[in-house]
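# Tertiary structure, described
Here is what each chain is made of, one letter per residue.
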Amino acid sequence: MRETKVVCRELDCGNPVAESIGPLIEDGRRRVALLGCDGNESSIRQCDIREGGPGVCDGGYYHHVTCSESVRLVDGAGLCSGRVEVKSNQSWASVCEADFDRQDAEVVCGELGCGAPAALQGGLYGGGEGQTWDKEFQCKGKESLLLDCDTSDRKHNTCLPGNAVGLTCSEPDDVRLVGGGSRCAGGVERYDQGEWRTVGTDDWDQEDVAAVVCRQLGCGSTVSVLTGNTTRGFEVQCSGSESESSLRECSRRSYKLVSPGLTVICSDLLVQPDIFLTDSMGGVSRGHQGPEVFRGYSFTITCSTQPQYPGGSFLLTFTGSNRTQTQTAVNHSAAFLFPAADDSHQGNYSCVYDNYVFSHDFSSESELLSLTITGN
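Residues numbered from 1 in each chain as written. Predicted model: local features only at pLDDT ≥ 70, side-chain atom pairs only at ≥ 80, totals over all residues. Heavy atoms only, no water.

## Describing the overall build of the protein
How we decide: Put simply, DSSP H or I for four residues or longer makes a helix, DSSP E for two residues or longer makes a strand, and each gets a number counted from the N terminus. Put simply, the radius of gyration uses C-alpha atoms, and a globule should come to 2.2 Å times the residue count raised to 0.38. The buried label goes to any residue with under 20% of its type's maximum accessible area, the exposed label to any with over 50%, and the partly exposed label to all in between, with areas taken from a 1.4 Å probe on protein chains only. For this analysis, residues touch if any pair of their heavy atoms sits within 4.5 Å. Per-residue and other accessible areas were derived by the Shrake-Rupley procedure at a 1.4 Å probe size, with only the shown protein chains allowed to occlude residues. This count recognises Lys and Arg as positive and Asp and Glu as negative, with His and chain-terminal groups excluded. Just so you know, the charge point we use is NZ for Lys, CZ for Arg, CG for Asp and CD for Glu.
In terms of helices and strands, the protein carries three helices and 26 strands. For 376 residues, the compact-globule formula gives about 21 Å, and the C-alpha radius of gyration of the protein, at 27 Å, lies well above that figure. Along the longest, intermediate and shortest principal axes, the C-alpha atoms of the protein span 85 × 60 × 30 Å. Counting all 376 residues of the protein, 44% fall into the buried class. Pairs at least 24 apart in sequence give 68% of the contacts found in the protein among residues at least 6 apart. A total of about 19,000 Å² of accessible surface is found on the protein, and carbon and sulfur atoms cover 47% of it. Separation of charge centres in the protein, based on 30 positive and 52 negative side chains, amounts to 5 Å.

Shown next as structure tokens:
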């Protein structure tokens, strides 16, 4: 996508959305072998290229580039974040925060090949300079292009400095890990040209690719990475830069008949456990700040998790003290009984689920349960 970014910039066609490859068409035209760009060039001619006749791309592929054309995100950290700008009369205009809402953001994120909107705020990526879009967008959220949305005259006469809207979209949902019992573990696959394809890489590049995969999936950091079975797929190379927030920003080398697949285990392997309070004596009530238990009554705190892996244990922690209890998970849950409530039981509790899988220890903590002890 670094090369795609340069092409879109040179043609003044907005942000890169996608690139695809296919076999060369033997039509007699000269070809250029594009050996690499760093993404900051203003023209493709500033990249590392090799020109020649029909044989210069021997064994290679042609590249098809898709740019957003009329909307772009600028000054962001990656392809899916930045200040919203719309193309108007061959120039780019910032959009005022008051003229843009979440449904508009959904359309922009989809148009740019990204996931759902995650943050929307004026001044998030700078205040913007120069021209300001003079309409208010009224998208329904299902349009494929921002300029397909209805617009109306702006209700506010001015757009205050610093109110140019900034948008952060989640990363595209085009990468998955399969066969590992968790969305954060398994063989790497990427959705490409209508199907899921195995992703492989050279041994020396495994850690960089794995880091990008875990980052894109929101699965934390890499715990382990292994070369999987040899199968049909394509190879990618990542630079290891933190700016690579999705696999599509890495370099895809070429399709291969055989490519060693990659198995990645990320740190956020376990789903977040649940914590809830039950009682058998009728001593629990619901207060404004959460559950309340009458002094002297029994109560039970239950920890549970979704079925992912067998075994494991639950640690019940009591915030503000060293008091903890541990139980082995039975049917993916554990119940901690307190026979008689007193003031020492008031405070915040959480469940920590621990399990040893894939030759590593993993843990995941629940939300806090705030418990109040009330009158007799």
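Anyway, onward from the coordinates.
## Observations concerning empty space enclosed by the protein
Left-over empty space is what a probe sized like a water molecule reveals as it rolls over the atoms. Stated formally: Put plainly, a pocket is an open set of points on a 1 Å grid over the protein atoms alone with protein on both sides within 12 Å along at least five of seven lines, a cavity is a set where a 1.4 Å probe fits but cannot get out, and a lining residue has an atom within 4 Å of a point. Grid points are joined across faces, edges and corners, and a volume is the space filled by probe spheres set on the points.
Overall, the coordinates contain one cavity of 30 Å³ or more when judged by the stated rule. Around the largest cavity sit Leu316, Thr317, Phe318, Arg323, Thr324, Gln325, Phe338 and Tyr349, which together line it. With three residues, the top contributor of residues to the lining of the largest cavity is strand E21 (residues 313–318).

## Points about the side chain of Asp104
This is how the line gets drawn: What counts as a salt bridge is simple: a side-chain nitrogen of Lys or Arg found within 4 Å of a carboxyl oxygen of Asp or Glu. Throughout this description, a polar contact denotes any pair of N or O atoms lying within 3.5 Å of each other; where both atoms belong to protein, one of them has to be capable of donating a hydrogen while the other can accept it, and for residues adjacent in sequence the pair is counted only when both atoms sit in side chains.
Among the secondary structure elements, Asp104 is positioned in helix H2 (residues 102–111). For the buried Asp104, which has no salt bridge, the nearest side chain bearing the opposite charge is Lys140, at an N-O separation of 9.7 Å. Of the polar contacts made by the side chain of Asp104, one reaches the backbone nitrogen of Cys139; its length is 3.0 Å. In this view, Asp104 contacts Asp99, Phe137, Gln138, Cys139 and Leu146; residues no more than four positions away in its chain are not counted.

## Some points on the nonpolar core
Most often, soluble globular proteins have nonpolar side chains that are buried together. Filter applied, for reference: Residues belong to one nonpolar core when they are buried, are Ala, Val, Leu, Ile, Met, Phe, Trp, Tyr or Cys, and are joined through side-chain atoms within 4.5 Å.
Judged by nonpolar contacts, the single largest core of 28 residues is most densely connected at Leu269, Leu277, Val293, Phe299, Ile301, Leu316 and Tyr349. When contributions to this core are tallied by element, the ones reaching two or more residues are strand E17 (274–278), strand E20 (299–304), E21, strand E23 (333–338), strand E24 (347–357) and strand E26 (369–374). Top element by residues in this core is E24. It accounts for four residues. Beyond its immediate chain neighbours, meaning those up to four positions away, Leu316 contacts Ile275, Ile301, Cys303, Arg323, Thr324, Gln325, Phe336, Phe338, Tyr349, Ser350 and Cys351. Core analysis: the next-biggest nonpolar cluster, separate from the first, contains 22 residues, Val86, Cys114, Trp133 and Val165 among them.

## Concerning the state of the cysteines
Convention followed: A pair of cysteine sulfur atoms is labelled a disulfide when the two atoms are within 2.5 Å.
Going through the model one piece at a time under the given rule, you end up with nine disulfides. A sulfur-sulfur distance of 2.0 Å marks the disulfide that ties Cys184 to Cys219. Negative torsions about the S-S bond denote left-handed disulfides, and the value of about -70° found for Cys184 with Cys219 makes this one left-handed. Linking Cys184 in the loop between strand E12 (175–182) and strand E13 (185–192) with Cys219 in the loop between helix H3 (206–216) and strand E15 (222–237), this pair joins segments that are 35 residues apart in sequence. Of the two residues, Cys184 and Cys219, neither departs from the other in class, the shared state being buried. Paired by a disulfide, Cys303 and Cys351 hold their sulfur atoms 1.9 Å apart. Because the sign of the S-S torsion sets the handedness, a value of about -75° for the bond joining Cys303 and Cys351 places this disulfide among the left-handed ones. Of this pair, Cys303 sits in strand E20 while Cys351 sits in strand E24; the two residues are 48 residues apart in sequence, bridging distant segments of the chain. Assessed through its relative accessible area of 0%, Cys303 is described here as buried. Summary of cysteine pairing: Cys13 is not part of a disulfide, and the nearest cysteine sulfur, belonging to Cys67, is at 5.2 Å.

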